[in-house]
Amino acid sequence: MQTIEKYNFAGKKAFVRVDFNVPLDENFKITDDTRIRAALPTLKKIIADGGNPVIGSHLGRPKGVTDKYSLRHILGHVAGLLEADVLFADDCIGEGTAAKVAALKPGQALLLENLRFYAEEEGKPRGLAEDASDEEKSAAKKAVKAGQKEFTRKLASYADAYVNDAFGTAHRAHASTALIAEYFDADNKMFGYLMEKEVQAVEKILNDINRPFTAIMGGSKVSSKIEIIENLLNKVDNLIITGGMTYTFTKAQGGRIGNSICEDDKLDLATDLLQKAKEKGVNIVLATDAKIADSFSNDAKTAFSPVDEIPDGWEGLDIGPETEKQYAEVIKRSKTILWNGPTGVFEFDNFTHGSRAVGEAIVEATRNGAFSLVGGGDSVACVNKFGLAGGVSYVSTGGGALLEAIEGKTLPGIAAIGKNN
Ligand code: AMP
């Protein structure tokens, strides 16, 4: 397989799919530029070799051309971080775009306007009436798919090489994340540095496991984590099921959970998962005590309670001190650790203690030689909030993409680079 390190970009144009889907405030100021910084090594390497990156990204979920989602808003910031001359094409496949690409001078990069201004990027029809008939839906789908070929071909025509550095969208089979790869032979398509790191981190968690392996799965709902939990049961030694999911398990085992969040239609599933874990010899670790609150608010009255004796009118919003200790013991004994999802409502300062304790235990285990991967949305916000990101082995930039990879699914963006090799 071709690698970015080996490839010499001298005199070449490279279409680089990045994930510059950064949060902007009402004045279009970037509030968190982590995603841009994450792609810099790839872009810098191309420029240092003497090549020109043609940068493609999406921003937000536009339904068409919308100034709010224009990548022009981030152009200056990208140029500043890249320390390079970055030009802008205000239409990713417009008339003049090919000419702009052709005119790039050594050291210059070109940022293309939001790829999702075109429905063809995602290949999904837009603007269909809610009462559209099945025929209308199918005709619209056909039309956008037909247009997608031409859209993809145009994007590919700008470049000699294709580099995918957008792990955040690797689970999407979009024009620029996957389909475009067909236009490049195996020697001229590759992952960027970020994508390589993400793929390696997932590989360590799924296939190169140092034991004991502990996964900490938190978050609000069992229903959104079923597939990942089922796949992890085939891999892990310890599975800490925490956060809002706790209470569905506690109730399934006959406990009293008061007003805690619970999916009543998933009680059987919870029992099933516990049974499966037993059969597979996986140690499931559930909370024994909770920090409870008399309302869903940071200022609520609080108390600690056994997790299965929560009074009516009260709800568990974080784990209690006994559980913290229990989790920490398991985590500190581990050699491979995956963390996805907080132990409680960490957005409320009075319910962050459990998540922080988990983060700190992971940092300690990492210091003692464990490999730790944190990813999938809220746990990343947690480690950042607690200033612990530097103490774990890897913080993934992929939310949905990371979860799908750990579910064992093949990600189109990754598969597309591997094809023809
Ligand atoms: P998820 O997006 O599924 O990973 O869930 C993350 C969300 O779960 C966060 O916004 C937390 O506030 C929420 N959460 C965690 N624990 C609880 C809980 N005990 N009760 C309600 N929400 C929770």
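Being a predicted model, the structure only gives us computed values, none of them experimental. (Residues numbered from 1 in each chain as written. Predicted model: local features only at pLDDT ≥ 70, side-chain atom pairs only at ≥ 80, totals over all residues. Heavy atoms only, no water.)

## Topic: the site of the ligand
Put simply, the rule reads: We call a residue near a molecule or strand whenever a single non-hydrogen atom of that residue lies within 4 Å of it. What qualifies as a polar contact is a pair of N or O atoms within 3.5 Å, subject to a donor-acceptor requirement within protein and to the restriction that residues adjacent in sequence count only when both atoms come from side chains. We call Asp, Glu, Lys and Arg charged. Ala, Val, Leu, Ile, Met, Phe, Trp, Tyr, Cys and Pro are nonpolar, and the rest, Gly among them, are polar.
Near the ligand, the surroundings consist of 14 residues, among which Ser220, Gly244, Gly316, Glu347 and Asp378 are the closest. Here Ser220 contributes a backbone N or O atom positioned 3.1 Å from an oxygen atom of the ligand. Residue composition of the shell around the ligand, grouped by class: five nonpolar, six polar and three charged.

## A look at the domain arrangement of the chain
Threshold: For the domain bounds, the source is a domain assignment made automatically or taken from a database. Residue contacts follow a heavy-atom distance rule, with two residues in contact if any of their heavy atoms lie within 4.5 Å. A 1.4 Å probe defines the accessible area here, and the buried area is the portion of it lost by two parts on being joined, summed over both. The salt bridge criterion pairs a side-chain nitrogen of Lys or Arg with a carboxyl oxygen of Asp or Glu, the two atoms within 4 Å. Segments assigned H or I by DSSP are reported as helices when at least four residues long, segments assigned E as strands when at least two residues long, and all are numbered from the N terminus.
Domains assigned within the chain are domain 1 (13-197) and domain 2 (209-406). A straight line from the C-alpha centre of domain 1 to that of domain 2 covers 36 Å. Contact residues are listed per partner, giving eight residues for domain 1 and eight residues for domain 2. Surface buried jointly by domain 1 and domain 2 totals about 670 Å² across both partners, of which 66% is contributed by carbon and sulfur atoms. A per-residue breakdown of the area domain 1 buries against domain 2 is headed by Phe167, His171 and Lys197, which together make up 64% of the total. Viewed at the interface, domain 2 and domain 1 are joined by zero salt bridges. At the junction of domain 1 with domain 2, the criterion picks out zero residue pairs in polar contact (both at pLDDT 80 or more). Elements supplying a minimum of two residues to the side of domain 1 that touches domain 2: α1 (34-49) and α6 (193-206).

## Re the packing of helix α10 (residues 321-332) against helix α11 (residues 353-367)
Operational definition: Every angle, taken between N-to-C directions, lies between 0 and 180 degrees, and every axis is a line fitted to C-alpha atoms, over only the stretch in contact when it is a helix. For this classification, under 35 degrees means roughly parallel, over 145 means roughly antiparallel, 65 to 115 means roughly perpendicular, and everything else is oblique. Here a crossing is called left-handed whenever its near helix is offset anticlockwise from the far helix by less than a right angle, and right-handed whenever the offset is clockwise.
Put simply, α10 and α11 touch, their axes get as near as 9 Å, and they point 20 degrees apart. Considering their axes alone, α10 and α11 lie roughly parallel with respect to each other. Two packed elements cross with a definite hand, and for α10 against α11 that hand is right-handed. Along its contact with α10, which presents Glu324, Tyr327, Ala328, Ile331 and Lys332, the element α11 presents His353, Gly354, Ala357, Val358, Ala361, Ile362, Glu364 and Ala365. Taken together, the residues of the contact of α10 with α11 break down into eight nonpolar, two polar and three charged.

## A short note on the packing of aromatic side chains
Centre-to-centre distance and the angle between the planes together describe a pair of aromatic rings. Quick note on the threshold: Two rings from Phe, Tyr or Trp (for Trp, the six-membered ring) form a pair when their centres are within 6.5 Å of each other. A pair whose planes differ by under 30 degrees is stacked, one over 60 is edge-to-face, and the rest are tilted. Exposed residues in this analysis have more than 50% of their type's maximum accessible area, buried residues have under 20%, and partly exposed residues fall in between, with area computed by a 1.4 Å probe over protein chains only. Whether a charge sits over a ring depends on NZ of Lys or CZ of Arg being within 6 Å of the ring centre and within 35 degrees of the ring normal.
Enumeration over the complete set of coordinates arrives at six aromatic pairs. Aromatic pair Tyr118 and Phe151: ring centres 5.4 Å apart, planes at 40 degrees, arrangement tilted. Remark: Phe151 occurs in helix α5 (residues 134-157) and Tyr118 occurs in the loop between β4 (108-112) and α4 (119-122); sequence separation between them is 33 residues. Classification of Tyr118 as partly exposed rests on a relative accessible area of 24%. Within the aromatic cluster, the residues linked to one another by ring pairs are Phe15, Tyr162 and Phe184. It is Lys204 that lies over the ring of Phe371; its NZ or CZ is 5.4 Å from the centre. The side chain of Lys291 reaches across the aromatic face of Phe351, ending 5.3 Å from its centre.

## Thoughts on unusual backbone geometry
Going from Arg211 to Pro212, the amide bond is cis rather than trans, its omega being 0 degrees. Residue placement: Pro212 occurs in the loop between α6 and β7 (213-217). Positioned with a positive phi, Glu83 is a non-glycine residue whose angle comes to about 50 degrees. The exposed category is assigned to Glu83, whose relative accessible area is 66%.

## Description of the environment of Val86
Along the chain, the position of Val86 falls in strand β3 (residues 85-89). Expressed as a C-alpha distance, the spacing of Val86 and Val54, which sit 32 residues apart in the sequence, is 9.5 Å. Here Val86 is in contact with Leu75, Ala79, Ala109 and Leu111, once residues within four sequence places are set aside.

## Notes on the sheet that holds strand β1 (residues 13-17)
Quick note on the threshold: Strand pairing is defined by DSSP finding a minimum of two bridges between the two strands.
Strand order in the open sheet made by the six strands is β3-β4-β2-β1-β5-β6, with parallel pairing throughout. A single partner strand is all that each edge strand has here, and the edge strands are β3 and β6 (189-191). For this sheet the average axis-to-axis angle between neighbouring strands, irrespective of direction, equals 25 degrees. Sheet topology note: the β1/strand β2 (residues 52-56) ladder contains five bridges and is parallel. Its bridge partner being in β2, Lys13 is matched across the sheet by Asn52. Along the sheet, α1 makes contact with β1, β2, β4 and β5 (161-164), crossing β2 at roughly 150 degrees.

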